[in-house]
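# Survey of secondary and tertiary structure
For reference, the chains in residue letters:
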Amino acid sequence: MNHFIEDGEAYILKTYNRFPVVLDRGDGVNLYDTDGKEYLDFGAGIAVFALGYGNREYNDALKVQIDKLIHTSNLYYNVPSIEAAKKIVEAAKMKRVFFTNSGTEAIEGALKVARKYKYQEDPDKEYEFIAMKQSFHGRSQGALSVTGNEKYQEGFVPKEFRAVFAEFNDLSDVASKVTDKTCGIICEVVQGEGGIYPADPEFLKGLRELCDEHDLLLIFDEIQCGMGRCGSMFAHDLYGVKPDILTLAKALGCGIPVGAFVAGEKADGVLVPGDHGTTYGGNPLAGAAVNAVFDQFEKLDLVAHVREVGGYLWNKLEELKNEFSFITAHRGIGLMQGLEFSEEKQAGQIVSKALSNGLILISAGNNVLRFVPPLVIEKEHVDLMTEKLRASF
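All of these numbers come straight from a predicted model, not from anything done at the bench. (Residues numbered from 1 in each chain as written. Predicted model: local features only at pLDDT ≥ 70, side-chain atom pairs only at ≥ 80, totals over all residues. Heavy atoms only, no water.)

### A word on the layout of surface pockets
Unoccupied space between atoms shows up once a probe the size of one water molecule is rolled over them. Approximately 940 Å³ is the volume found for the second largest pocket. Lining the second largest pocket are 31 residues; nearest its centre among them are Asn74, Val97, Phe98, Phe99 and His276. At the level of elements, α4 (79–92), β4 (96–100) and β12 (259–263) are the ones that each hand at least two residues to the lining of the second largest pocket. Split into classes, the residues belonging to the lining of the second largest pocket amount to 17 nonpolar, eleven polar and three charged. (1 Å grid on protein atoms, 1.4 Å probe; cavity = no way out; pocket = protein on both sides within 12 Å on 5 of 7 lines; lining within 4 Å. Points joined across faces, edges and corners; volume = space filled by probe spheres on them. Helix = DSSP H or I, 4+ residues; strand = E, 2+ residues; numbered from the N terminus. Nonpolar A, V, L, I, M, F, W, Y, C, P; charged D, E, K, R; others polar.)

### Observations concerning the state of the cysteines
Each disulfide is one covalent bond, formed between the sulfur atoms of two cysteines. Enumeration over the complete set of coordinates arrives at zero disulfides. Cys187 supplies the cysteine sulfur nearest to Cys211, a cysteine that is in no disulfide, at a spacing of 10.0 Å. The buried category is assigned to Cys211, whose relative accessible area is 0%. Here Cys254 stays free of any disulfide, with the sulfur of Cys230 as its closest cysteine sulfur at 15 Å. Given the relative accessible area of 1%, Cys254 is considered buried. (Disulfide = S-S within 2.5 Å. Buried < 20%, exposed > 50% of the residue type's maximum accessible area, 1.4 Å probe, protein only.)

### Here we look at the side chain of Thr100
Examined against the element boundaries, Thr100 turns out to sit in strand β4. At 2.8 Å, the side chain of Thr100 and the backbone oxygen of Ser102 are in polar contact. If sequence neighbours within four positions are ignored, Thr100 has contacts with Glu105, Ala106, Pro257, Val258, Gly259, Ala260, Phe261 and Gly281. (Polar contact = N/O pair within 3.5 Å; in protein donor to acceptor, adjacent residues only side chain to side chain. Contact = heavy atoms within 4.5 Å.)

### Side note on the environment of Glu380
Note on placement: Glu380 falls in helix α13 (residues 379–392). Judged by relative accessible area, which is 57%, Glu380 ranks as exposed. For Glu380 and Val309, which are 71 residues apart along the polypeptide, the C-alpha to C-alpha distance reads 9.9 Å.

### Considering the packing of aromatic side chains
Applying the stated criterion across every chain, the model contains nine aromatic pairs. With 4.9 Å between their ring centres and 70° between their planes, Phe324 and Phe393 make a pair best called edge-to-face. Taken as a pair, Phe324 in the loop between α11 (302–323) and β13 (327–333) and Phe393 in the segment after α13 lie far apart in primary sequence, 69 residues in all. An aromatic cluster is present here, built from Phe324, Phe326, Phe341 and Phe393 joined pairwise through their rings. When the ring centre of Tyr32 is taken as reference, the NZ or CZ atom of Arg25 above it lies at 4.1 Å. A cation sits over an aromatic face here: Arg331 above Tyr197, 3.9 Å from the ring centre. (Phe/Tyr/Trp six-rings, centres within 6.5 Å; stacked < 30°, edge-to-face > 60°. Lys NZ or Arg CZ within 6 Å of the ring centre and 35° of its normal.)

### A short note on the sheet that holds strand β10 (residues 217–221)
On the basis of which strands lie adjacent, the open sheet formed by seven strands has the order β4-β12-β11-β10-β7-β5-β6 and mixed pairing. Two strands close off the open sheet at either side, each with one partner strand: β4 and β6 (164–166). Ignoring strand direction, the axes of neighbouring strands in this sheet form an average angle of 20°. Where strand β5 (residues 128–132) lies against β6, three bridges are found, and the strand directions are parallel. Pairing of Ile130 across the sheet is with Val164, part of β6. Contacting β4, β11 (245–248) and β12, α4 crosses the sheet at an angle of about 125° to β4. (Pairing = 2+ DSSP bridges. Axes fitted to C-alpha atoms, helices over the stretch in contact; angles between N-to-C directions.)

### Regarding the sheet that holds strand β16 (residues 362–364)
Strand order in the open sheet formed by four strands is β13-β14-β17-β16, and the pairing between neighbours is antiparallel. Taken across any chain shown, the strands that pair with only one partner, and hence form the sheet edges, are β13 and β16. Across the sheet, the axes of successive neighbouring strands diverge by a mean angle of 30°, strand direction being ignored. Pairing of β16 with strand β17 (residues 368–371), which is carried by three bridges, proceeds in the antiparallel orientation. Looking across to β17, one finds that Ala364 is bridged to Val368. Contacts from α11 reach β13, β14 (336–341) and β17 within the one sheet, and its direction differs from that of β13 by about 175°.

This is the structure:
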C-alpha cells in the first residue's frame, strides 16, 4: 500500500491531506483497502453512495449503458437523460431540470438563473445574493461567492464579488439585508460542512414569504441533504416549503458524477438557448445512473427505511452523548447527523482513531463528527458503529 501512497503524493496535485489508506473495493456497507482490511463505512464518499457498494441492479444498468452508448453531446436528445429528467421533475413537483457534472456546477447554474431573472427587470443594477453564514456551496468562484466561510474564499473571491451573508435560522437578519439589488436567497435546508444544522421550519417559511414579497428567487441547496437522506425524497418536503430552484448532486448518481438544478414555475424559461451549457452534463451514462438510483429508491422503499434507521441512529448517538461529557451537542435529521465536541480538533482526532478501528467517519465544521452512511444501513450496522466509536473514544 505504501508505494501507492508515495506515487499519489508524487503525481497528484496536493489539495487534500489524505488518510494513509488506499481503498480498493466495496461490498454492501463495507470498504476494503489494498491490504484487505475491512472498514464499516459511515461516510458514504461524503454522502454520495446511498445504495451501498455492489448493488447489482444499479451496476448492471450502468454496464448495459456502457455497452450501448456513453456520450453524445447536448446537440442531440438521448433516452436515459429524458427519462431521468422526468423522474426528477415529477419527484420534486417542479418544471424542468438541467444536468451538470457536479454539485458546484449545479450551484453555478442556479445563480445564473436567479441573476438573469432580475436582470430582465432592470439590466443596469449590480445584483447580489443573500447567503447564509457557515454555509458551503462548492469550490468554484461563483459557488465560493455564496459560501459563508472566509477561509474558503480568501485568495479566490474578491470581497466585492461576495454575497451578503446573514445568520442561518435568523429571519429578521435576512430580512434586514434585502435591498433593491437582491436577486436571490440561497440556503441549505440542512447545513452540512458548516456543522449539521437543520433549518428551523419558520425560517424556511419566512424565506419563501420574503422572496414572494420582493419577487426574488429562492434557491435550496440539497446537494448533501437531498435524495432521501433526511427521511423524505427532498429535505424541503419535510418543511412544506417549495424553492424556485433546487440543486442536487451526490446521491443523485451514487458515484457517477452527475448533478442538477431544477427550476420551478417562476424560474422556468429564464435561461434560453445559448445562456448555459455543458459538454458532459446529462450524457447517457449519467442519465442511466440517475434512473437506476430512482428505481432502487422505489424498490427498496429507501425513504421509509431512512426514517426508521435514522431514528435508531438518533437514539444510539443520544446514548453516547449522555455517556461522554466531552460531547456537547447532537444535531441532524434522518441519516445526516452530527456530534459536537468540547475541544478544538477533537473530531479530527476521533476520525483518525476510528479509521484505525475499521470505521470510516468524516468531520464537519470546526469540531463536529458527521454521520452520513449509505442509506441502506441496518440497525445492526448502527450497533457495530456504536461499538467501534465507543472504543475510539
